[in-house]
Amino acid sequence: MMDRNFFEKTLERWQELAIRGLRTGEKAECDAPDVLERIIVTGMGGSGIVGDFLSDLANHYSWPFEVLSLKDDRIPFRPREGDLIFVVSYSGNTLETLSVFNQSCSASRCIIVTSGGELLSRSIASGKCSLRLSEGLLPRLDLPEILYSILSFLTSNYKIPNIKAESLDDSIVIFKEDLKHQVNELAKRFMISPPILIVSRPYFSVAIRLKNDLAENSKLYSSIEFLPEAAHNVVEALPYIGDPNRIFIVTGKYSWGNIYIEAFSKALNGKTGYIELKGDSLLQELIYGYRLSAYISLELSSLRGFNPCTTENIDKYKEELGRVLSH
Ligand code: PA5
């Protein structure tokens, strides 16, 4: 039965899932461009977040290729010779992602990331390479395996500034970091009123993940504002939200000296809370953030009396979409 216990037990396996992903990515022999110009990562929800993760890393370290994160049912342009498309769906049955596969993979280089389903069948039938994920989990709970399989495929095949194969191995110590105090404090705070998350690069993916985890696992609606844009509009409304303690800025060591965060916080007279990420590198800080997000949302699911594993409305949406498309 998938319940809090299953969720917690799987979170305890995150380091092991990351190591599995590492090995899958480094062993994979998939066709990829000699000179990589652009990576397109396509997937929805818990599978699609890997695009935001890679995009945070690529932006921060100025990778020699672009990363595009697409959460849609099609790629709205014609892929080029130097493109590599990662088609990611944990279940392999997400219709939007299958639609991208059908539209783009016959004429372009695609690598499929999945645990099975229709996507795996179609990729085998068309001779496409796949990075196979462990079966029997929830998509959002297999996050480390998804992230590390793609990242290790990239580091094994390309020279990527600041992310080397050996630093990937080193990064997994962060899965053992104790989060209890921070989790309890933030979960209690979010129980009083849902957070408004303020985030600046290179931590976009952490805020996106936290907003999604709170929705899927705790059934709690929260929101995100991106800096510096939020300082040109939303900052006017924030002093009137009633509970000023709802505003949380996501920060890490790369926020030090971030002039946008400093000026934004001063404009609000310093009335902001912080969600602080820890780790020796950006990669570790991002992983720390996703773990923090999972544990906070787990804690809140219990406080609010929900099963973190069930997502009735997502299931209804998928069923309805399948019904409509099969007619
Ligand atoms: O985490 C979840 O369960 C969802 O966000 C799913 O990832 C999303 O519905 C897409 O499904 P899949 O990851 O199987 O493609």
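Since we're looking at a predicted model, the values are computed, not measured. (Residues numbered from 1 in each chain as written. Predicted model: local features only at pLDDT ≥ 70, side-chain atom pairs only at ≥ 80, totals over all residues. Heavy atoms only, no water.)

J.: Any chance you could explain the overall build of the protein here in plain terms?
T.: A tally of regular secondary structure across the protein gives 12 helices and 9 strands. Computed over its C-alpha atoms, the radius of gyration of the protein comes to 20 Å, within 12% of the 20 Å expected for a compact globule of 327 residues. Projected onto its principal axes, the C-alpha coordinates of the protein cover approximately 55 × 45 × 35 Å. Looking at the protein residue by residue over its 327 residues, the buried ones come to 53%. Across the protein, contacts joining residues at least 24 apart in sequence account for 79% of those joining residues at least 6 apart. Roughly 15000 Å² of accessible area belongs to the protein as shown, and the carbon and sulfur atoms make up 51% of that amount. Charge-centre separation for the protein: the mean point of 36 positive side chains lies 2 Å from the mean point of 42 negative side chains. (Helix = DSSP H or I, 4+ residues; strand = E, 2+ residues; numbered from the N terminus. Rg over C-alpha atoms; globule rule 2.2 N^0.38 Å. Buried < 20%, exposed > 50% of the residue type's maximum accessible area, 1.4 Å probe, protein only. Contact = heavy atoms within 4.5 Å. Areas by Shrake-Rupley, 256 points an atom, 1.4 Å probe, with all protein chains shown as cover. Lys, Arg positive; Asp, Glu negative; His and termini not counted. Charge placed at Lys NZ, Arg CZ, Asp CG, Glu CD.)

J.: Got a minute to help me understand the site of the ligand in this structure?
T.: Not every one of the 13 residues close to the ligand is listed here, only the nearest: Ser47, Ser89, Ser91, Thr94 and Arg140. Here an oxygen atom of the ligand and a side-chain polar atom of Arg140 are 2.8 Å apart. Glu216 places a side-chain nitrogen or oxygen 3.1 Å from an oxygen atom of the ligand. Bound to the protein, the ligand loses 93% of the 370 Å² it would expose on its own. For the shell around the ligand, the elements supplying multiple residues, two or more each, are helix H3 (45-61) and helix H12 (312-326). By residue number, the principal contributor to the shell around the ligand is H3, which donates 3 residues. Along the lines of polarity and charge, the residues of the shell around the ligand split into 4 nonpolar, 6 polar and 3 charged. (Near = heavy atom within 4 Å. Polar contact = N/O pair within 3.5 Å; in protein donor to acceptor, adjacent residues only side chain to side chain. Nonpolar A, V, L, I, M, F, W, Y, C, P; charged D, E, K, R; others polar.)

J.: Would you mind going over the sheet that holds strand S2 (residues 66-70) with me for this structure?
T.: Strand pairing in a sheet takes place through backbone hydrogen bonds and is either antiparallel or parallel in direction. Read across the sheet, 5 strands follow the order S2-S1-S3-S4-S5 without closing on themselves; strand pairing throughout is parallel. Taken across any chain shown, the strands that pair with only one partner, and hence form the sheet edges, are S2 and strand S5 (129-132). Geometrically, the sheet is characterised by an average inter-axis angle of 20° between neighbouring strands, direction not taken into account. Those strands touched by helix H4 (residues 95-104) are strand S1 (38-42), strand S3 (83-89) and strand S4 (110-114), and its axis lies near 150° from that of S3. Along the sheet, helix H5 (residues 117-125) contacts S3, S4 and S5; its crossing angle with S4, the most-contacted strand, is approximately 145°. (Pairing = 2+ DSSP bridges. Axes fitted to C-alpha atoms, helices over the stretch in contact; angles between N-to-C directions.)

J.: Would you mind showing me how to read the pattern of salt bridges here?
T.: Pairs can form between side chains of opposite charge once their charged atoms are near each other. Counting across every chain of the model gives 17 salt bridges. The partner of Glu8 in a salt bridge is Arg4, with the nearest N and O atoms 3.5 Å apart. Residue Glu8 and its partner Arg4 are both found in helix H1 (residues 4-12); the two are separated by 4 residues, about one turn of the helix. Between Glu216 and Arg140 there is a salt bridge, and its shortest N-O distance comes to 3.3 Å. Taken together, the positions of Glu216 in helix H9 (residues 204-218) and Arg140 in the loop between S5 and helix H6 (143-157) put the pair 76 residues apart, joining distant regions of the chain. Summarising the burial analysis for this pair, Glu216 and Arg140 share the class buried. Through salt bridges with shared partners, one network takes in Arg4, Glu8 and Glu299. (Salt bridge = Lys/Arg side-chain N within 4 Å of Asp/Glu carboxyl O.)

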